[in-house]
Each structure stands twice: as structure tokens, then as C-alpha cells.
Amino acid sequence: MALAFDEYGRPFIILKEQDQKTRLRGIEAQKANISAGKAVARILRTSLGPKGMDKILQSPDGDVTITNDGATILEQMDVDNQIAKLMVELSRSQDYEIGDGTTGVVVMAGALLEQAERLLERGIHPIRIAEGYELASRIAVEHLEHISQKFDFGTEDIEPLVQTCMTTLSSKIVNRCKRHLAEISVKAVLSVADLERKDVNLDMIKVEGKVGGKLEDTELIYGITVDKDMSHPQMPKQIEDAKIAILTCPFEPPKPKTKHKVDIDTVEKFQTLRLQEQKYFDDMVQKCKDVGATLVICQWGFDDEANHLLMHRNLPAVRWVGGVELELIAIATGGRIVPRFQELTPEKLGRAGLVRERSFGTTKDKMLYIEHCANSRAVTIFIRGGNKMMIEETKRSIHDALCVARNLIRNNSIVYGGGSTEISCSIAVEAASDKYPGVEQYAIRAFADALDSIPMALAENSGLQPIETLSAVKSQQIKENNPHYGIDCNDVGTNDMRQQDVFETLIGKQQQILLATQVVKMILKIDDVISPSHY
Amino acid sequence: MAIEKIFKDDASEEKGERARMASFVGAIAITDLVKTTLGPKGMDKILQSTGRGHGVTVTNDGATILKSLHIDNPAAKVLIDISKVQDDEVGDGTTSVVVLAGELLREAEKLVATKIHPMTIISGYRMAAECARNALLQRVVDNKENAEKFMSDLMKIAMTTLSSKILSQDKVHFAQLAVDAVMRLKGSTNLEAIQIIKKPGGSLRDSFLDEGFILDKKIGLGQPKRIENAKILVANTAMDTDKVKIYGARVRVDSMSKVAEIEGAEKEKMREKVQKIIAHGINCFVNRQLIYNFPEELFADAGILAIEHADFDGIERLALVTGGEIASTFDNPESVKLGHCKLIEEIMIGEDKLIHFSGVEMGQACTIVLRGSSHHVLDEAERSLHDALCVLSQTVNDTRVLLGGGWPEMVMAKEVDELARKTPGKKSHAIEAFSRALVAIPTIIADNAGLDSADLVTQLRAAHHKEGCNAGIDVISGSVGDMAELGISESFKVKQAVLLSATEAAEMILRVDEIITCAPRKREDRM
């Protein structure tokens, strides 16, 4: 029972200790936290690398997800433990910031925690361990910068970009056609990238999927696809040189939002209102026709009569298009979203070279393709695959590849993958540790050991002898002073990652180390866990 | 300190071997379930729904069976999903795809038991699938140029598809029906244009294809029952009370006489509308929405046949066949395209009266009337016919054709075996396993037909050792026969989809080493 006294000397209770309320303190709390963190890392450990395994996740509603993307696994895992939740956050922030390496960062944090546990048992104060880790992470990040390489690419020479994306994709289920998908991702990113500002707006890339067909049928569309069809079954299915009116007002009789009452009490009023209604529809369609639109895309529905008038006046239309899609269409076609018919002018129309409707399979599945747009900066990646889970997993993989390509455009430094950078950093940190007097030395050395665990996991997942392989590669790196040696996961026959073309982005790796260190520091500093009682 | 529980209360986690076993067991259980429906002598299943009335379905369509199962096993869900996709994409082969995926997993289980890493198995399977696909590609027959031969190909495919269904007794009749219907589509895959009407009574053999269009509606009272050279206006408009919709207006009066006045005005409005419609010079008016008695009476006076409440599909199809457009406003009669047909008459099928449009302009749509002794028979007949139609319409687009009766599997197995011999390393085992899984399909077909599968399949394999062999299993005579002579064909597209999605699904399940199940969402008690 925690008691305190107020200024008048009256005691009051700060924290009620009940039977149900669990409370852990001191070294107990730290150990418990570390073991929880390790448990999460252990789940992801087998998913690391090109031969990593997948996980089946069954959601509360019984839906099945199959993935080996760290962020997705953790997100859907439904964890209850506070520390486990921190690890979930960790992987999520890596996902938001970099998009790739979400598994690696958790495995890294798990390894750091494991090492910390050993140091704690020796009686080293957690804060000292945390500080040691901080120092070590700085050394590692600097070393990364040191061994990184700049590489050049242009809009024509996309090969290096494709290679990097292939490294990312090779650990996913889609690695069967990684070349194809990597090329698509790179082309997509390049077409929306602003090379001068070195920025990429990934919102401009829409990733759509439809089950059926095969993975090889996945294609990049320079334009937009909308999961809708023409509002009237007899409208033309293909429009060339379309001028598109993008509307957010419905083709329906207006219903003023302010409170109103139009009462019909005489025959004359009935007649006038009737005429007005007819005229209103006519005006709407006429307005669109007048500005020269050849296609109407509307966010809302159409009245039957308006629909027929549109059809009759040979003005194809699409209804119930979602807000996000509407914006994308506006960006792609260079049009403006028009909220009222009165404001429709020829300048506000979007342009597209070709709009066509395509149907799939035996069901009545139709999609609208808007291609050859005025502003070709918006693209769509259209994924096909054997089943729903496959499509979802491909979407996630493509997202990772897109992020990698974007990061490279922002910063064209790369490091070599296959665990080579971790080994190299580990050597550098190990060497630096001896220079520090004091207890931190042990923490820094532990950090170096933790770095080794990533290549170790890679080797383990690839069916190699982890300790033997790691020590062989490590000695090779030191002997030849070449940081490009890594784990030969795919059994190619060489350890040199430069020859295998296995690249990763520098910022991705740096983020991994920094984020993992931060979370571990945070966990180490906790010495009291108070959880509320269940009720 | 023991490891803390990191999941929520009811969540469960299965790792490594246990997870793998759970998914293998689930997948194989599903496979064994649908296995017996494969092939011309496959058996049917009765499905009873848990919903109200406990409706019963009798079927041997893989997709239908799997769709109605309530499964908790995640690996089984993957298999169900591929079957559904196969149904949506090509329409047939829904059972084969599940059986093949299941067999691949069964083989993989044995390999895992002998300590071969799942990733090695996967890469072996991939090589094998690629090789098998190439083997098929080399052997395809494409009769696109030769229209007559192509027609006979289509006929053969339809017969092969139908022979495993309830329609197999009259497969020639139904194959002809299906081919005729698909050829009318002229290459489009829009199966919506083919209407299937089910009327209990008579026998399956009494089913027929009508090149016209049959609308399951009655003709209004006092209107002509037979119209020659009909001009049809297809509409989607309100013919009940034609409200004023603008500004949310409403009627508010204070005396009886005014109500009468407004009613009069409304009636006048309706009369005008009807006048406008009549001014199109039509003698048949089909509306998607209701037609009230008053306008119906007006139409009857003008000698116009008015049909109300034709559902949306009916309207679209009718517009498609007659070449008219679906109209909703009637102000400029000169520019609305009217539909035409030679003859509209009321016909009787069984006890029901239907409206029959014949001599239509655009021959794209047609109607198939199915007759049969019970609803269950009709439902199953419709599914079978749907399968056949899907396959045919896909074949019209992709005209490559293969032989059937286990022939493609044997061809693939042979090539894959060759590959296994050439490949060094552990992958070779996986490739061999792939070939075994392929051979399992003819084995199951033979088993289901009550034949000695071990004997037949080995005979078949020996026969395939010769180049350019057409041998397959002839289930009817229970021996190895020449598939080309027997006229058993299958569409290449279906076989390719089966091969690829089965491999993909098997790969997906093999890659899993952990299953995490979240706590099921709690249902709130509605007490």
C-alpha cells in the first residue's frame, strides 16, 4: 500500500493494492518485460530472409491472412501484453517511415533485449546498459554511412533500382516473378516521382487487385482504374479522347438542406412544379453537354430520368464513384472537381486519351480503365492472382517494394544485404568497444553480439549451420577487409553480396538500428508495471 | 520468471510442426471431401442448410459444395477460396483444382516427414509447374481457323464437362444447347444474355433453347394476347403515382374539393405521360417498375400490350435482344430507339403462362428453358449448364484445346518426371512428388468409377511412353482408350488455371510455420 501525506499531515492512498491488481517491480519487472519482448521477436524470427516462412493469422471474424510481413503479423496478432504492444508499435513506425525491414527491426530489438538480460544478471544497472546501447548504435550508424555506396540511376537506367526492389520482394511469396513485379514497382515510382525535389507521393500510385488470372498478369496501368461500370447498360463501352466532367453533385432533384416546406395546394402550383422538375433535369444534362464533356463521373447517384436523358444525349456517365478515386481521377486527368452544375466550365474538364470498360471472368465483374491521361503522374498497379490471400499478400509486397524505390530516390545510398552490413557493423562496434572505459564497454560489446543475431537468423532460416556460417563469413570480412560478404541464403555459391546483387537502402538499415535501440532503451528503463484489475 | 502470456485470453498460437500438421490435415480433409465427386462417375453430395427451412441442395459441383461449408481451419479456407476463384474465372474445374492442391500437399507432407525443408519443396514445385505448363503448351490444338473443326471441339468440350454432371444422360442434347447459346453471343463473355428459366415438370430431355426471348410475366387484362411486327418500348419509369420530386414538395390542402382537383391534375399528368408513350407509335410497352391500374387501362384502350415489373436483368436482356434502348423520358419520340420483334405471344410451359418474343433483331440473347421433375434436379441442371456455358464462352476467346480423360495429367507427369531425372539435389524429390500428385487425378477418376486404378494408371503410363499418344481413361468401357477418337476434350484455359492456382495455393500453405488465431469476436447476447 503506497501511502503519502498531504500538507496537513493527513495520510492518503496513492495506489490501491488489491488482490486482482498485478504489480511487478524492480528486476522482476525488467525480466518480465524482456521475456515478453523476446517472445514477440521469436515469432517473427522465422520470417526473416528469402527463405523465411509465412504465418497464418486468423482474425476475430475468422478471416484468414497469410503473410510474412512483420508489420502485418504484429498488427493482426491481437496482443495483450504492454511490452508486446510496444514491439508492435516499433514495427509499425518502421513501416510508416521506411516501409520495409519491419521484421528485421523486431528481431534486432529482441536480440538487444536478450543481451541486456545477461548483463542485468551480472548486476549492471539498466541505465548503464541503455547508455552503452546508445553509444553503440551511434557507432553502428556512422559505420553504415562509411560502408554505404552511392549509385546512379536515371529514368532510363533503372536496373539498380530494380535490383534493390528484387531484394525486398525475394523474401515474399511473390518471389516467383519478382523481376516482373520489381520492374512494375520501379516504373510506377519513377512515373510519379519528382526527381528534382527527390520526393515521391505514394498516394498517386493506386494498388488494385482482383482475384483470378495468374500473378504474371499483373500489370502497370498509366492511368486509373475504377471498380464501376457505366450507369446505363447501353452506353458506349469505350471513349477516345474523353473530356471528363468530375461532379460531386447528384443528378437528382435538389433537396435544399435548409428547413423548408413547399406545399402544393392548387392545381397551378402542381403544374409549375412539374414543369420545373422536367426542366431541371434537362438543364443539368444540357449544362454538361454545353461545356463539351464526353464523359461524366459523378460521386452520387442518378435519377432514372436523368440517367436516360444522359444516355439519350449520348453522354456516358459513371455513378457512385468514391471520393478518393474521384480525387485521383481529377489529378490524373488534370480536371477540377465541380460541386455545382452552374460552375461547370470547359477549363474544368479533365482529359484522358482512352476510357474503356473491361469485364473479367464469368461473373459480371466490370472495371473502368482511364488511360493516357493529361497528367500521367497517377498510375495504377493492377494485381491478379489465384486467390484472395495471395492478392492481399502481393499488395503488401508491392507496397514494400514501392517504399524501397521511393527511399532510393530520396537518398541514393545503398548498403549490401544478406546480413553483410550487420556483420560489418558488429565488427566495427566490437573494435570500438575496447576504447570505452567503464561499464558501458560491456553493453557495447553486447550490442555487437546482438547485431550478429540477424545474419544468424538468416542462416538458420536458410537451412545453414548458423554458428559455422557466421564465423566463416566474419573471419572472411576481417581477413579481406571487405564488408560485402554476407550469408549465401539462396545457395548461389558466393558470399559476395555485390556479385549477388543484394542491395538494401541505407536509411532503411539506419532506421532499423536506431528504432530498435530506442525501444530497447525504453523497455530497460521500466522498473514498475502496474496493470489494472480485470473486471 | 516464466514467459508472460502475450496474447489475449482466447487467442491461440500453433508453431512449427504442429502448425504445419494442422494445415495439412485441414487441406487434406477438404480434398477427401470433394474427391469422390471427381470424374464422370463421381458421386453427388446432399447439402442441408442450417438456415430456416433446412433447404436441401444436391450437387456435385465442387465450388457449390465448398461454398456451403462452414470451416474453421485456415488452410482449408485457402482451398475453398481457390475453388471460388476458379468458378468465377473459368467456371469449371472447381473440384480438380482443390483435389490437385490437396494431393500436392499430401505429397509435401511425406517429404517434410523425411526432413526436406518446405522451401526446397516449394522451389521444386515451381520448377515442376513451369515444366508442366510448357508440356501442355506444346500439345495444345488450336482450331481457330477451321470453323467447322472448332465447332466440333466446342461440342466435345461441352460433352466432356456435362458428362460428370446430372445432365450426362442427355449430354448430347444439352451440349448442343450450350454450344448454340454460346455461339449466339459472338465472342462476348457476357453470360447474362443467356437466360435460364426453370420450370418443374416434364423431363430433362424436354428442355429446349429458344432463340427468342421469354419473359416470365403475364399480359395485362384486356390487352392483346398476340402481336405481330411488334414495336417495343423498353422503359424504366414510375407508372404508379408520378410524384413531383423537386424541392421535397408535398401536397397540403384544406378542403375536399381541392384534393379532388389535385387528384385530377395528377391523373392528367399520368394521362399525358401515357399519351406521350403512345405517341412513339408502339404496340408493346415493357416497364421495369409497377404500372398502376389507371395507366394500364389507358394502354389497353390504345391496344398496347403493357408488361409491368419486368426485373432489371429482364429489361437489360430485352433491350439487348430487341435492339431498343431503355427509356425513362418520353418527350422526343423521334429519337428514342424502339425495339422490334416479329411476334409476341403468350405461351404455356407446363402450367405457367409466359410471354414469348420471337423473331428478334439482334440474336445475341437467348433463353434456355429447363424442364425437370423437381426443383433440386433443376437447380443442379442449371449449375451444370452454367459450368458448360462458362467453359465454352472462355474457349471461344482462348481457342486452345486439350484432350481430356486424364490425358493432360499424364502428359504433364511424364515431362515432370523427365525434369526430375535431370535435376540434381533435393529439389528432385519435390519434382517427383509433383508428378505423383498429377497422376493422382486419373487415379481418383478411375477409383470413383469403380475401376482397378492401379492397373489402369500403369497401363496408361506405359501407353504414354510413346510419343504423341492420345491415351486416356475411358471410364465407360473401363479401359485405356484413345481420347481423340472418343471425342473427350478440355479447354486449355481451364487446365492451366487448375495447374497454376493449385500450385500457388499449395505453395502458400507450405510456407506457413505458425498459426495465430485471434480470440473470436464475442457475440453480444440479445436477451
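Residues numbered from 1 in each chain as written. Chains lettered and ligands numbered in written order. Predicted model: local features only at pLDDT ≥ 70, side-chain atom pairs only at ≥ 80, totals over all residues. Heavy atoms only, no water.

*Asks:* What is the right way to read the packing of helix α3 (residues 74-89) of chain B against helix α4 (residues 94-113) of chain B from this model?
*Replies:* The geometry of a pair of packed helices is captured by two quantities: the angle between their axes and the separation between those axes. All names here are of chain B. Between α3 and α4, the least distance of the axes is 8 Å, while the angle of their chain directions is 150°. Here the hand of the crossing between α3 and α4 comes out right-handed. Each of L79, I82, S83, Q86 and D87 in α3 lies in contact with α4, whose residues at this interface are T94, V97, V98 and A101. (Axes fitted to C-alpha atoms, helices over the stretch in contact; angles between N-to-C directions. Helix = DSSP H or I, 4+ residues; strand = E, 2+ residues; numbered from the N terminus. Left-handed = near helix turned anticlockwise from the far one by under 90°. Contact = heavy atoms within 4.5 Å.)

*Asks:* Before we go on, may I ask you to explain the pairing of strand β17 (residues 471-474) of chain B in this structure?
*Replies:* The side chains of a regular strand alternate, residue by residue, between the two faces of the sheet. All names here are of chain B. By the bridge criterion, four bridges tie β17 to strand β18 (residues 479-482) in an arrangement that is antiparallel. Considered in β18, the bridge of I473 is made with V480. Between β17 and β18, which pair antiparallel one after the other, the connecting turn spans four residues, and G478 there sits at a positive phi close to 70°. (Pairing = 2+ DSSP bridges.)

*Asks:* It is not clear to me how helix α16 (residues 506-525) of chain A should be interpreted in this structure. Could you clarify?
*Replies:* Structural remark: α-helix, 3.6 residues per turn; residues separated by three or four positions point the same way. With 20 residues, α16(A) extends 29 Å from end C-alpha to end C-alpha; this agrees with the ideal 28 Å at 1.5 Å per step. At the N-terminal boundary of α16(A), the capping side chain belongs to A:T505, with an oxygen 3.3 Å from the backbone nitrogen of A:G508. (Expected span 1.5 Å × (residues − 1). Polar contact = N/O pair within 3.5 Å; in protein donor to acceptor, adjacent residues only side chain to side chain.)

*Asks:* So what exactly am I meant to see when it comes to the domain arrangement of chain B here?
*Replies:* It is common to give the size of an interface as the accessible area lost on bringing the parts into contact. Residues and elements named next belong to chain B. Annotation of chain B at the domain level lists domain 1 (12-142 + 403-511), domain 2 (144-194 + 372-398) and domain 3 (213-362). Here the C-alpha centroids of domain 1 and domain 2 sit 23 Å apart. Listed per partner, the contact involves 23 residues of domain 1 and 17 residues of domain 2. Taken together, the two surfaces of domain 1 and domain 2 that pack against each other cover about 1800 Å², and 48% of this comes from carbon and sulfur. Area buried by domain 1 at its contact with domain 2 is led by D92, S489 and K493, which between them contribute 23% of it. Counting the contacts that link domain 1 with domain 2 gives zero salt bridges. Across the domain 1-domain 2 interface, the total number found is seven residue pairs in polar contact (both at pLDDT 80 or more). Those elements that place two or more of their residues in the side of domain 1 that touches domain 2 are β3 (56-59), α3, β19 (489-491) and α16 (492-510). With four residues, the top contributor of residues to the side of domain 1 that touches domain 2 is β3. (Domains from an automatic or database assignment. Buried area = accessible area lost by both parts, 1.4 Å probe. Salt bridge = Lys/Arg side-chain N within 4 Å of Asp/Glu carboxyl O.)

*Asks:* What is the right way to read the pattern of salt bridges from this model?
*Replies:* Pairing is possible between side chains of opposite charge, provided their charged atoms come close. Taken as a whole and judged by the stated rule, the model has 42 salt bridges over all chains. Put simply, A:E422 and A:K509 hold a salt bridge, and the shortest N to O gap is 3.2 Å. Of this pair, A:E422 sits in helix α12 (residues 420-433) while A:K509 is found in helix α16, placing the two residues 87 residues apart along the sequence. For A:E422, a relative accessible area of 6% corresponds to the buried category. Of the residues examined, A:K509 reaches a relative accessible area of 6% and is grouped as buried. Across the pair B:E380 and B:R383 runs a salt bridge whose closest N-O atoms are separated by 3.0 Å. One end of the pair is B:E380 and the other is B:R383, both in helix α11 (residues 375-397) and three residues apart, which spans about a single turn. Like B:E380, the residue B:R383 is buried in the burial classification. (Buried < 20%, exposed > 50% of the residue type's maximum accessible area, 1.4 Å probe, protein only.)

*Asks:* I keep staring at the sheet that holds strand β4 (residues 54-58) of chain A and nothing clicks. Help me out?
*Replies:* Strand pairing within a sheet occurs via backbone hydrogen bonds; the two strands may be parallel or antiparallel. Strand order in the open sheet formed by four strands is β5(A)-β4(A)-β20(B)-β1(B), with mixed pairing between adjacent strands. The open sheet has two edge strands with one neighbour each: β5 (64-67) of chain A together with β1 (12-15) of chain B. Taken over all neighbouring pairs, the strand axes of this sheet differ in orientation by 15° on average, direction set aside. For β4(A) and strand β20 (residues 512-517) of chain B, the ladder comprises five bridges, and the chain directions are parallel.

*Asks:* How should I be thinking about the side chain of A:K55 in this particular structure?
*Replies:* Positionally, A:K55 belongs in strand β4. At 3.5 Å, the side chain of A:K55 and the backbone oxygen of A:I43 are in polar contact. Among the polar contacts listed, one links the side chain of A:K55 to the side chain of B:D513, at a separation of 2.7 Å. Apart from residues no more than four positions distant in its own chain, A:K55 is found in contact with A:I43, A:T46, A:S47, A:T65, A:I66, A:T67, A:I73, B:V512, B:D513 and B:E514.

*Asks:* What is the right way to read the interface of chain A and chain B from this model?
*Replies:* Each partner contributes residues to the interface: chain A has 83 residues there, and chain B has 86 residues. Summing both partners gives a buried area of about 7700 Å² for chain A against chain B, and 56% of it is carried by carbon and sulfur. Where chain A meets chain B, there are two salt bridges. With a closest N to O distance of 3.1 Å, A:D54 and B:R511 form a salt bridge. At the boundary of chain A and chain B, one finds 10 residue pairs in polar contact (both at pLDDT 80 or more). Of all the secondary structure elements, the ones that give two or more residues to the side of chain A that touches chain B are α1 (26-45), β4, β5, β13 (263-264), α8 (267-290), α9 (304-312), β19 (379-385) and α11 (388-410) of chain A. Of all the elements, α8(A) adds the most residues to the side of chain A that touches chain B, at nine residues.

*Asks:* Sorry if this is basic, but what is going on with the packing of aromatic side chains here?
*Replies:* Residues and elements named next belong to chain B. Inspection of every chain in the model, using the stated rule, returns five aromatic pairs over all chains. Taking the centre distance of 5.6 Å and the plane angle of 70° together, the rings of Y125 and F434 count as edge-to-face. Remark: F434 occurs in helix α13 (residues 427-448) and Y125 occurs in helix α5 (residues 118-139); sequence separation between them is 309 residues. For the pair Y125 and F434, one class covers both residues: buried. (Phe/Tyr/Trp six-rings, centres within 6.5 Å; stacked < 30°, edge-to-face > 60°.)

*Asks:* Please clarify how unusual backbone geometry should be interpreted in this entry.
*Replies:* Across residues other than glycine, the phi torsion is negative in most instances, and most of the peptide bonds are trans. Residue and element names in this part refer to chain A. The phi dihedral of N481 is positive, around 50°, even though this residue is not glycine. Located in the positive-phi region is D501, a residue other than glycine, with phi close to 60°. The residue D501 is located in the loop between α15 (497-500) and β21 (503-505) in this model. With a relative accessible area of 29%, D501 lands in the partly exposed category.

*Asks:* Looking at this structure, how should I read helix α6 (residues 147-163) of chain B?
*Replies:* All names here are of chain B. Here α6 is 17 residues long and its end C-alpha atoms lie 24 Å apart, about the 24 Å a rise of 1.5 Å per residue gives. Burial in α6 covers these residues: F150, D153, L154, M155, I157, A158, T160, T161, L162 and S163. Among the structural elements, α7 (171-184), α11, β16 (400-403) and β19 are those in contact with the buried residues of α6.

*Asks:* Help me understand the domain arrangement of chain A in this model?
*Replies:* All names here are of chain A. With domains assigned, chain A is organised as domain 1 (21-150 + 416-532), domain 2 (152-218 + 379-411) and domain 3 (223-375). Taking the mean C-alpha position of each, domain 1 and domain 2 sit 26 Å from one another. In this assembly, domain 1 packs against domain 2 so that about 1800 Å² is buried in total across both faces, 49% of it on carbon and sulfur atoms. Our enumeration of links across domain 1 and domain 2 arrives at one salt bridge. Salt-bridge contacts for D69 lead to K172; the nearest nitrogen and oxygen are separated by 3.8 Å. In terms of residue count, the dominant contributor to the side of domain 1 that touches domain 2 is β5 (four residues).

*Asks:* Can you help me understand the environment of A:D100 in this one?
*Replies:* Residues and elements named next belong to chain A. Relative to the helices and strands, D100 is located in the loop between α3 (82-97) and α4 (102-121). Through-space distance from the C-alpha of D100 to that of Q512 is 9.6 Å; in sequence the pair is 412 residues apart. Ignoring sequence-local partners within four residues, the contact set of D100 consists of Q94, T168, D400 and V404. There is a polar contact of 3.4 Å between the side chain of D100 and the side chain of T168.

*Asks:* Help me out: how do you make sense of the side chain of B:E107 in this one?
*Replies:* Residues and elements named next belong to chain B. In this fold, E107 is placed in helix α4. Judged by its relative accessible area of 6%, E107 is buried. Among the polar contacts made by the side chain of E107, one reaches the side chain of R436 at a distance of 2.9 Å. Residues contacting E107, with those up to four places away along its chain left out, are Y125, A433, R436 and A437.

*Asks:* Whenever I open this one, the packing of α12(A) against helix α13 (residues 440-461) of chain A confuses me. Can you help?
*Replies:* Residues and elements named next belong to chain A. Relative orientation of the contacting elements α12 and α13 amounts to 165°, with a least axis distance of 8 Å. Judged on the interaxial angle alone, α13 and α12 are roughly antiparallel. Classified by chirality, the crossing of α13 by α12 is left-handed. In this structure, α12 contributes E422, I423, C425, S426, V429, E430 and S433 to the contact, and α13 contributes Q441, I444, R445, F447, A448, D449, L451, D452, I454 and P455. Across the contact of α12 with α13, the residue classes break down as nine nonpolar, three polar and five charged. (Parallel < 35°, antiparallel > 145°, perpendicular 65-115°, else oblique. Nonpolar A, V, L, I, M, F, W, Y, C, P; charged D, E, K, R; others polar.)

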